[in-house]
Amino acid sequence: MSSITFEQSLEIQRPLSFVYAYLSDFSNTASWDPSVIQAQKTTPGPLQVGTHFDIQVKFAWTQLSLNYHITEMHKDRYLELKGMADNYSLVDRIRFEGDDTRCTIHYQIDVYYQDPMSKLAPILSPLVKANAGHALKTLKRTLEGAATDWQPTAWTKLADHMVLPGLFKFTRRGFIAGKSRWTGIATDLSSKNILITGATSGIGAAAARSLGRLGANLIVVARNEKKAQHFSELLVSEGCKAPRIEIADLSLMQDVQNLITRLLKRGEPIHVLINNAGALFNQRVVTAEGVEQSFATLLLAPYMLTEGLRPLLEKAGQARVINVTSGGMYTQPVVLNDLEFEHEDYNGSKAYARAKRGLVDITELWAQEWKAAGITVHSMHPGWADTPAVSHSLPKFYEKTKPWLRTPEQGADTIVWLAATPEAVETTGLFWLDRTPHSTAIFPKTRSRPETQAELRTKLNTYVQRFRTGEAGQERA
């Protein structure tokens, strides 16, 4: 057996307790270690000796799987973890010193190689130490809140208008390529109220869990109370604060209005609003209120909710609105004279894309109008992610692209980044993928003109007014 040892001490200007808690959850390595592609806590319950983590690592030209587990922990003083692979193992030993303002980390990594890999240890040693040094450098930058370089490169701008390179960015490999230049997220969100819709599964659940681990006070809007309660219990079991659950069917505007009324009555500021809820409906369905379901859920509901909660966003001081959209919107324009898909044969993918295009347009309008009020508004798309919604609604697409799909956590990364980091409020009104702004149109006649955006808003306001005055209920009667 051969071994490699790497040691380094880091001085961090953050409270000792925060740094210890952040490093104890080894799923955070996906945020701060550039070589980690994916990291998941696989043992339910609170962090303790024996808690396991599944770590996927990119090393040189290969991808490796590591089964990590906590072998020793003493709160705010010492942490030890062991990782196992086929032909080698690792031990991470971390000692902590500090107080309420600063922390010193003494980090030691030992890599043990089994035969026949042991013969390669002298050759691998420089590369292993270089990777470890780079990871700890990024850890220090992460814990001290260093900014991610989000400015798009010339290649990014060019690739947006070239179909195949643009599609590549939607994949898991596109995420990994972007991750190499990021700084991790280690913001303390314990004073922030974050409302997220559609948080009980898929990308929404991944975003909520990440924000919960950062200490956020979550308000989870869900349609199914049983699923919401189960998700709440999961968060608590992982050491997060219990979220407040708000039940609302966002395809029904009366439910949306009732939700707004409840939240306004409580009067608590909303620091971040994440409009994530959505689904792709392959059959045209009209809701009990007489509105086509795709349009109602994907565009009208987030519009009505965001407009209605503006007083609470303003109350927060510097609030953020994040609209989760889709790369599919690149293929469609807004069709103002057929928002509910009444005049042509219904196509679920087109209806989804048109609604998401409309949400991007409204994002740009809000960004212009609300900047003076201190409200930042962005839209983003998560790339192609492996979620229940995709496998259910697009089975053929899912079957063909599954090896290329991102994890929900990778899809949710930019949501968390936009919600948590200071650099996300340096601009407003942009359309993001992998922490980088992208063009909102690549095909002719899909970009909305300012007049189109203004008319779309007028039409949405007509719907909102109709439901606020109860006209929809009168029509049904």
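Structural data are supplied above this passage.
Residues numbered from 1 in each chain as written. Predicted model: local features only at pLDDT ≥ 70, side-chain atom pairs only at ≥ 80, totals over all residues. Heavy atoms only, no water.

A. Up close: the overall build of the protein. In terms of regular secondary structure, the protein is built from 17 helices and 15 strands. Compactness check: the protein gives a C-alpha radius of gyration of 23 Å against a globular reference of 23 Å for 477 residues, within 12% of the reference. Dimensions of the protein along its principal axes, counting C-alpha atoms only, are 80 × 45 × 40 Å. The burial tally for the protein puts 55% of its 477 residues in the buried class. Contacts in the protein between residues at least 24 apart in sequence constitute 69% of all its contacts with a sequence separation of at least 6. About 20,900 Å² of surface is accessible on the protein, with carbon and sulfur atoms providing 53% of the total. One way to put it: in the protein the 53 positive side-chain charges average out to a point 2 Å from where the 49 negative ones average out. (Helix = DSSP H or I, 4+ residues; strand = E, 2+ residues; numbered from the N terminus. Rg over C-alpha atoms; globule rule 2.2 N^0.38 Å. Buried < 20%, exposed > 50% of the residue type's maximum accessible area, 1.4 Å probe, protein only. Contact = heavy atoms within 4.5 Å. Areas by Shrake-Rupley, 256 points an atom, 1.4 Å probe, with all protein chains shown as cover. Lys, Arg positive; Asp, Glu negative; His and termini not counted. Charge placed at Lys NZ, Arg CZ, Asp CG, Glu CD.)

B. Spotlight on the packing of helix α7 (residues 202–213) against helix α15 (residues 408–420). Look at α7 against α15: their axes get within 8 Å of each other, and the N-to-C directions meet at 50°. Between α7 and α15, the crossing angle belongs to the class labelled oblique. Judged by the twist between their axes, the crossing of α7 over α15 is right-handed. Judged by residue contacts, Gly202, Ile203, Ala206, Ala207, Ser210 and Leu211 of α7 engage Pro408, Glu409, Gly411, Ala412, Ile415, Val416 and Ala419 from α15. (Axes fitted to C-alpha atoms, helices over the stretch in contact; angles between N-to-C directions. Parallel < 35°, antiparallel > 145°, perpendicular 65-115°, else oblique. Left-handed = near helix turned anticlockwise from the far one by under 90°.)

C. Summary view of helix α8 (residues 225–237). Helix length check: α8, at 13 residues, gives a terminal C-alpha distance of 18 Å against a target of 18 Å (1.5 Å per residue), a fit within 8%. Those residues of α8 that are buried are in contact with α7, β9 (217–222) and β10 (244–247). The N-capping residue of α8, defined by a side-chain oxygen 2.9 Å from the backbone nitrogen of Lys226, is Asn224. Looking one or two residues past α8, Gly239 carries a phi angle of roughly 95°, positive in sign. (Expected span 1.5 Å × (residues − 1). Polar contact = N/O pair within 3.5 Å; in protein donor to acceptor, adjacent residues only side chain to side chain.)

D. Highlighting unusual backbone geometry. Located in the positive-phi region is Phe341, a residue other than glycine, with phi close to 55°. On the secondary structure map, Phe341 appears in the loop between β12 (319–324) and α12 (348–370). For Asp434, which is not glycine, the phi torsion reads 50° and is therefore positive. Position of Asp434 relative to the elements: it lies in the loop between β14 (431–433) and β15 (436–438). Residue classification places Asp434 among the buried residues on the basis of a relative accessible area of 7%.

E. Quick peek at the sheet that holds β15. Pairing is mixed in the open sheet, where eight strands are placed in the order β10-β9-β8-β11-β12-β13-β14-β15. Both edges of this open sheet fall to β10 and β15, since each of them pairs with a single strand only. Averaged over all adjacent pairs, the angle separating strand axes in this sheet is 25°, with direction ignored. Strand direction decides the pairing type here: strand β13 (residues 375–380) and β14, joined by two bridges, are parallel. Its bridge partner being in β14, Met380 is matched across the sheet by Trp432. Packed onto the sheet, helix α10 (residues 293–308) meets β8 (193–197), β11 (272–275) and β12 and runs at close to 170° relative to β11. Packing of α12 onto the sheet brings it into contact with β12, β13 and β14, and relative to β13 it is tilted by some 160°. (Pairing = 2+ DSSP bridges.)

F. Just the sheet that holds strand β4 (residues 62–74), in detail. Pairing is antiparallel in the open sheet, where seven strands are placed in the order β1-β7-β6-β5-β4-β3-β2. Taken across any chain shown, the strands that pair with only one partner, and hence form the sheet edges, are β1 (2–12) and β2 (36–41). Ignoring which end each strand starts from, the neighbouring axes of this sheet average 20° apart. With 11 bridges connecting them, strand β6 (residues 88–98) and strand β7 (residues 103–113) associate as antiparallel partners. Following the sheet pairing, Glu97 is matched in β7 by Thr104.

G. Expanded view of empty space enclosed by the protein. Throughout the structure, instances matching the rule amount to three cavities of 30 Å³ or more. By volume, the largest cavity is sized at about 110 Å³. Glu292, Phe295, Leu299, Val334, Val335, Asp338, Leu339, Phe341, Ala351, Arg354 and Ala355 are the residues that line the largest cavity. Residue assignment for the lining of the largest cavity shows that the elements contributing at least two residues are α10 and α12. For the lining of the largest cavity, the element with the most residues is α12, which contributes three residues. Of the volumes computed, that of the second largest cavity is approximately 80 Å³. As for the second largest cavity, its lining consists of 13 residues, and the residues nearest its centre are Thr197, Asn275, Ala277, Thr297 and Pro302. Broken down by secondary-structure element, the contributors of at least two residues to the lining of the second largest cavity are α10 and α12. Per element, the largest residue contribution to the lining of the second largest cavity is five residues, and it comes from α10. Looking at the lining of the second largest cavity, its residues break down into eight nonpolar, four polar and one charged. (1 Å grid on protein atoms, 1.4 Å probe; cavity = no way out; pocket = protein on both sides within 12 Å on 5 of 7 lines; lining within 4 Å. Points joined across faces, edges and corners; volume = space filled by probe spheres on them. Nonpolar A, V, L, I, M, F, W, Y, C, P; charged D, E, K, R; others polar.)

H. Main features of the layout of surface pockets. Taken as a whole, the second largest pocket holds about 760 Å³ of empty space. As for the second largest pocket, its lining consists of 36 residues, and the residues nearest its centre are Val57, Phe59, Leu64, Tyr88 and Leu90. Secondary structure elements with two or more residues in the lining of the second largest pocket: α2 (29–32), β3 (52–59), β4, β6, β7 and α3 (121–143). Here the element with the most residues in the lining of the second largest pocket is α3; it accounts for seven residues. Residues of the lining of the second largest pocket, tallied by class, amount to 26 nonpolar, six polar and four charged.

As far as function goes, none of this settles anything; it's purely spatial.
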